[in-house]
Amino acid sequence: MQFTLVMVTADGTKKELAGLKLPLVIGRAAEARLRIPVDSVSRQHCELSVNDDEELVIRDLKSSNGTFVNRERVANTRELVPGDLLSIGPVVLVVRLEGHPREIDAATAFAQGAVAVGGGVPSLIDGVPTWTGQAASGTAAGAAAPKSAAVPAAKPKQAKPAEDDDFESLLRSLREDDEK
């Protein structure tokens, strides 16, 4: 089975994580095969593997903040299909199996897969997910933005949680890997 994970961000950045081997433990610990070094991610958060039916599955490893597939919390184990959106802390990953989905709109995938730390849907400001926990423009926290909501040209400045700095470091390190 050929699979990759594509990390997506709200600003439309995407990074394909190829060459991953199963079973794959994702977590904050240095021993995790896919490391996400932020506090909202458990040391051993979740694991990707192949089950007896040769299906790609994800299993939550009793993480503190949960593992989500398409914004639904994984109770134990769940089968993954092409295009599923994995949310692990502030990170959203798109599942690509046998090359599908071929095209991924990173900003849209992030908006559809982002889950706030603690298990809720992120607050939305003019349809854009944010991690501050503050809702603006009349959109209640946790409410889905209307599909016609326009993304503003310039978002209002907001205080970033400390975790965002760690996430930005992760993105920088992935970009640096591309340049090597």
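Whatever comes next refers back to the structure up there.
Bear in mind that the values here come from a model prediction, so they are computed numbers and not experimental data.

Remarks on the nonpolar core
- Core analysis: the biggest nonpolar cluster contains 23 residues, and Leu 5, Ile 26, Leu 48, Ile 58, Leu 80, Leu 86 and Leu 93 have the highest contact counts within it.
- The set of elements that each furnish at least two residues to this core consists of strand 1 (3–8), strand 3 (24–27), strand 5 (46–50), strand 6 (56–60), strand 10 (85–88) and strand 11 (91–97).
- Tallying contributions element by element places strand 11 first for this core, with 4 residues.
- Leaving out residues up to four positions away in the same chain, Leu 86 has contacts with Leu 5, Leu 48, Ile 58, Phe 68, Val 69, Leu 80, Val 91, Val 92, Leu 93 and Val 95.

Examining a negative patch on the surface
- A cluster of acidic residues, Asp 52, Asp 53, Glu 54 and Glu 79, forms a negative patch at the surface.
- Within the secondary structure, Asp 52 sits in the loop between strand 5 and strand 6.
- Residue classification places Asp 52 among the exposed residues on the basis of a relative accessible area of 80%.

Points about helix 1 (residues 106–113)
- Among the residues of helix 1, Ala 106, Ala 109, Phe 110 and Gly 113 are the ones counted as buried. Along helix 1, the residues classed as buried sweep out an arc of 100 degrees about the axis, all on the same side.
- At the N-terminal boundary of helix 1, the capping side chain belongs to Asp 105, with an oxygen 3.3 Å from the backbone nitrogen of Ala 107.

Quick look at the sheet that holds strand 9 (residues 77–79)
- Overall, mixed pairing links the 5 strands, which are arranged 4-3-5-6-9 in an open sheet. Both edges of this open sheet fall to strand 4 (34–35) and strand 9, since each of them pairs with a single strand only.

Conventions used here
Residues numbered from 1 in each chain as written. Predicted model: local features only at pLDDT ≥ 70, side-chain atom pairs only at ≥ 80, totals over all residues. Heavy atoms only, no water. Core = buried A, V, L, I, M, F, W, Y, C linked by side-chain atoms within 4.5 Å. Buried < 20%, exposed > 50% of the residue type's maximum accessible area, 1.4 Å probe, protein only. Helix = DSSP H or I, 4+ residues; strand = E, 2+ residues; numbered from the N terminus. Contact = heavy atoms within 4.5 Å. Patch = residues over 30% accessible without salt bridge, like charges linked within 9 Å, V, L, I, M, F, W, Y side chains within 5 Å. Areas by Shrake-Rupley, 256 points an atom, 1.4 Å probe, with all protein chains shown as cover. Salt bridge = Lys/Arg side-chain N within 4 Å of Asp/Glu carboxyl O. Lys, Arg positive; Asp, Glu negative; His and termini not counted. Charge placed at Lys NZ, Arg CZ, Asp CG, Glu CD. Arc of directions from axis to C-beta. Polar contact = N/O pair within 3.5 Å; in protein donor to acceptor, adjacent residues only side chain to side chain. Pairing = 2+ DSSP bridges.

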